[in-house]
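Here is how the chains run, residue by residue.
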Amino acid sequence: MEEARDLILSHISPLPPREFLLPEAVGLVLAEDAVATSPIPAHDNCAVDGYAVRWRDVEGASPGAPARLRWIGDLPAGKSPELSLREGEAIRVGTGAPTPPGADTVVPVEDTRLEGVEVLVLRDPGEGANIRRAGEDVREGEVVLRAGRLLWGPDLGILAAIGKWRVLARPRPRVAILSTGDEVVEPWEEMGPGKVRDANSYMLAALVAEAGGVPIRLGISPDRNEPLEELLKRGLGAGDAVIASGGVSMGAHDLMKEVLSGAGELRLWQVAMQPGRPLAFATASGKPVFGLPGNPVAVFVSFHVFVLPALWRMAGREGSPWRRVRLPLAEPVRRKPGRAYFLRAKLIDTPGGAALTLTGPQGSGILSSCVAADAIIVVPPERTVLEAGAEVEAWLLPPSQVRVARRPVSLPA
C-alpha cells in the first residue's frame, strides 16, 4: 500500500497558480508571500468611544476628585482631525477615530460626565490608555502570510486590510467522476433485476468537494469500450484528474485496465490491501486517472488512501490529509496476513479514555459501515491478531469532529 501511494504521488504535482478575487480565495493555498505595503493601523487611533485628553490633565482623577476639562469638539471615525488639544481641553472621539494632535490618552465615555461644555473625568485611565499605535498590528514591509498557507476567514481579513484584493493561489482540483457497469443505474431510475443504484459517484463527488476539489459527475458508462473511452476522454478534457469506479477487477466485463492502457500509461494495477485490492492508476494527457473498485466501501477506503493525498498535493496543501491518532481497540480483531486492512470504527469512551470499536460487519459492500464511522483503523500486513486493548493507528474522519463534540470522548493531542 505504501509503495502504491508513493508511486501515485510521484506523478502528482501542484496545479499552476492563478489570480483569484479575494472572496474566491477561501480554502485555497496561497502561492506567494503577502507583504504589507503600509502599516496596520495606518495611524494612531482611538480604541474606545470617549474623550481624547492629555494624560497629565487627568492624572489621579477619581469620582471624588474628578478632573475638569473643556469640551472643544467632536472627532468621529473616518474624519481628519481639525483641532489640536491644548492644556485643559478634551475632544470627544469615536472608536477608530485618528488620535487628535496633542492627545496621548483616551478616557472611556463611561468614566466621564458631560456638564454643558465641561467634561468631568471620573477615573484616571493611565498614561497612553486606549490608543492603538500605528503599525502595532502589522508593520510596513512585513510578510503577513507565507506562500503555502491554506487561506481561511482571518487570512482573507488581513489580506483585505493590506489592500490585497487579488490573490495568487493554487486552484481547486477539478475532478471528473464516472461510474461503470451495465448493472448501475441512477438513483431516480427503476430498479430492474440485477441492477444497483449509483452510490459511488455521488459519494465520490461529496468526498472530492470535502477535500477542497470541484467534482464533475460524468454519468455511467456501460461495460463496452467505446462509451467508456468517450467518457474518459470527456473527463480528461473537463478535469485535472479523473476517478472511475468499477471495471478494474479480472472479470470478462472489467474493461478499465484495457481502456486506461489505450488512453495513456498504466502505472499501477492491484494493491495488497483490503478492501480496495483491484485498484488501477494511470496517467493520460498529463493527468492522473484513478480506477477504483466497484464496491462502495472499497471506493471509500481507496479514496482516502490514494486519491485524497493526491488532491491535497494538486491543491498545493502541505502535511498529511489525515489526523492520525493511536488508540486502543475495545474488541479483538483477526485478519489474514499479507495485506493491509482498513477497518471502519467508532470512537467510544471508556474508563481508560477513548477507544475504538468496529462499526459492525466490514464487508466491501456494507456502506453503512462507513456512515457510522468516526475513523479508519489501519492494520499493517504483519499484524494478524489484535487483542482488545492493542493500540492501533486510526485516521479520524471529518464528521467525527462533530460527533466527538457531542459526547465526552477525550482524544490524545
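Residues numbered from 1 in each chain as written. Predicted model: local features only at pLDDT ≥ 70, side-chain atom pairs only at ≥ 80, totals over all residues. Heavy atoms only, no water.

**Student:** So what about the overall build of the protein chain? Which residues, and what values?
**Tutor:** From N to C terminus, the protein chain includes nine helices and 29 strands. For a compact globule of 413 residues, the expected C-alpha radius of gyration is about 22 Å, and the protein chain comes in at 31 Å, more than 25% above that figure. C-alpha extents for the protein chain along the principal axes are approximately 95 × 55 × 40 Å. Here the protein chain holds 413 residues, and the buried ones make up 46% of them. Of all intrachain contacts in the protein chain linking residues separated by at least 6 positions in sequence, the fraction that spans at least 24 positions is 70%. For the protein chain, the exposed area adds up to about 19,400 Å²; of that, 51% sits on carbon and sulfur atoms. Between the mean site of the 46 positive side-chain charges and the mean site of the 50 negative ones, the protein chain shows a separation of 4 Å. (Helix = DSSP H or I, 4+ residues; strand = E, 2+ residues; numbered from the N terminus. Rg over C-alpha atoms; globule rule 2.2 N^0.38 Å. Buried < 20%, exposed > 50% of the residue type's maximum accessible area, 1.4 Å probe, protein only. Contact = heavy atoms within 4.5 Å. Areas by Shrake-Rupley, 256 points an atom, 1.4 Å probe, with all protein chains shown as cover. Lys, Arg positive; Asp, Glu negative; His and termini not counted. Charge placed at Lys NZ, Arg CZ, Asp CG, Glu CD.)

**Student:** Account for helix α5 (residues 225-238), naming residues and giving values.
**Tutor:** With 14 residues, α5 should cover 20 Å at 1.5 Å per step; its first-to-last C-alpha distance of 20 Å lies within 8% of that length. Those residues of α5 not exposed but buried are Leu228, Leu231, Leu232, Gly235 and Leu236. Looking straight down α5, one finds that the buried residues subtend no more than 140 degrees of arc, so they occupy a single side. Opposite the packed face of α5, turned more than 90 degrees from it, sit the exposed residues Glu226, Lys233 and Gly237. Check the buried side of α5 and you find it contacts β14 (174-180), β17 (214-221), β18 (241-245), α6 (256-263), β21 (280-284) and β22 (287-292). (Expected span 1.5 Å × (residues − 1). Arc of directions from axis to C-beta.)

**Student:** Can you tell me about unusual backbone geometry, naming the residues and giving the values?
**Tutor:** Omega for the peptide link from Ile40 to Pro41 comes to -10 degrees, which places this bond in the cis form. With respect to the helices and strands, the residue Pro41 is situated in the loop between β3 (34-35) and β4 (45-46). Here the amide bond leading from Gln274 into Pro275 is cis, since omega sits at -5 degrees, within 30 degrees of zero. Along the chain, the position of Pro275 falls in the loop between β20 (273-274) and β21. Unusually for a residue other than glycine, Asn130 sits at a positive phi of about 65 degrees. Looking at where Asn130 falls in the secondary structure, it is placed in the loop between β10 (118-121) and β11 (131-132).

**Student:** Can you break down the sheet that holds β21 residue by residue, with the values?
**Tutor:** Paired through their backbone hydrogen bonds, the strands of a sheet run either parallel or antiparallel. Strand order across the open sheet formed by six strands is β17-β14-β18-β22-β21-β19, with mixed pairing between neighbours. Either end of the sheet is taken by a strand with one partner, and the two such strands are β17 and β19 (265-269). With direction set aside, neighbouring strand axes in the sheet form an average angle of 20 degrees. In this structure, β21 lies alongside β22, joined through five bridges in antiparallel fashion. Of the residues in β22, the one forming a bridge with Ala280 is Gly291. Packed on one face of the sheet, helix α7 (residues 296-314) meets β14, β18 and β22 and runs near 170 degrees to β22. (Pairing = 2+ DSSP bridges. Axes fitted to C-alpha atoms, helices over the stretch in contact; angles between N-to-C directions.)

**Student:** Summarise the packing of aromatic side chains; cite the residues concerned and give the values.
**Tutor:** Taken as a whole, this structure holds three aromatic pairs when the rule is applied. On the basis of an interplanar angle of 50 degrees and a centroid distance of 5.2 Å, the ring pair of Phe281 and Phe290 is categorised as tilted. By the burial criterion, Phe281 is buried, and Phe290 matches it. Relative to Trp395, the ring of Trp322 lies with its centre 4.1 Å away and its plane at 15 degrees, an arrangement referred to as stacked. Of this pair, Trp322 sits in the loop between α7 and β23 (323-328) while Trp395 sits in strand β29 (residues 391-396); the two residues are 73 residues apart in sequence, bridging distant segments of the chain. (Phe/Tyr/Trp six-rings, centres within 6.5 Å; stacked < 30°, edge-to-face > 60°.)

**Student:** Quick one: what's the story with the sheet that holds strand β7 (residues 89-93), residue by residue and with numbers?
**Tutor:** Read across the open sheet, the six strands follow the order β8-β5-β7-β6-β10-β9; overall the sheet is mixed. Across the chains shown, the open sheet's two edge strands, defined by having one partner strand only, are β8 (105-108) and β9 (112-115). Taken pair by pair, the neighbouring strands of this sheet meet at an average axis angle of 40 degrees, ignoring direction. Both strand β6 (residues 67-75) and β7 contribute to a ladder of four bridges, which runs parallel. When the bridges of β7 are listed, Asp74 appears paired with Arg92.

**Student:** Can you tell me about the pattern of salt bridges, naming the residues and giving the values?
**Tutor:** Side chains that differ in sign of charge can pair as their charged atoms come close. The tally for this structure, following the rule as stated, stands at 22 salt bridges. The residue Arg146 makes a salt bridge to Asp33 at a minimum N-O spacing of 3.3 Å. Taken as a pair, Arg146 in the loop between β12 (143-145) and α3 (153-161) and Asp33 in the loop between β2 (29-30) and β3 lie far apart in primary sequence, 113 residues in all. Overall, the relative accessible area of 35% leaves Asp33 in the partly exposed class. Linked by salt bridges that have partners in common, Arg68, Arg113, Glu115 and Glu118 make up one network. (Salt bridge = Lys/Arg side-chain N within 4 Å of Asp/Glu carboxyl O.)

**Student:** Residue-level account of the packing of helix α1 (residues 2-9) against α7, with values.
**Tutor:** Contact geometry of α1 with α7 gives a least axis separation of 10 Å together with a crossing angle of 30 degrees. Considering the angle they form, α1 stands roughly parallel to α7. Seen from above, α1 lies across α7 with right-handed handedness. Where α1 approaches α7, its residues Ala4, Arg5, Ile8 and Leu9 are matched on the opposing element by Val305, Phe306, Pro309, Ala310 and Arg313. In terms of residue class, the contact of α1 with α7 is made up of seven nonpolar, no polar and two charged. (Parallel < 35°, antiparallel > 145°, perpendicular 65-115°, else oblique. Left-handed = near helix turned anticlockwise from the far one by under 90°. Nonpolar A, V, L, I, M, F, W, Y, C, P; charged D, E, K, R; others polar.)

**Student:** How would you sum up the nonpolar core? Please name residues and give values.
**Tutor:** Grouped together as the largest cluster of nonpolar side chains are 45 residues, with contacts concentrated most on Ile243, Phe303, Phe306 and Phe342. Residue assignment for this core shows that the elements contributing at least two residues are α1, β14, α4 (199-210), β18, β22, α7, β25 (340-350) and β27 (375-379). Of the residues forming this core, the biggest block, 13 residues, is contributed by α7. Among residues more than four places away in sequence, those in contact with Ile243 are Val175, Ala176, Ile177, Leu178, Leu204, Val208, Phe290, Leu292, Phe303 and Val307. Formed by 19 residues, the second largest nonpolar core is a distinct cluster that contains Leu347, Ile377, Leu386 and Ala394. (Core = buried A, V, L, I, M, F, W, Y, C linked by side-chain atoms within 4.5 Å.)

This is a description of form; function is not addressed.
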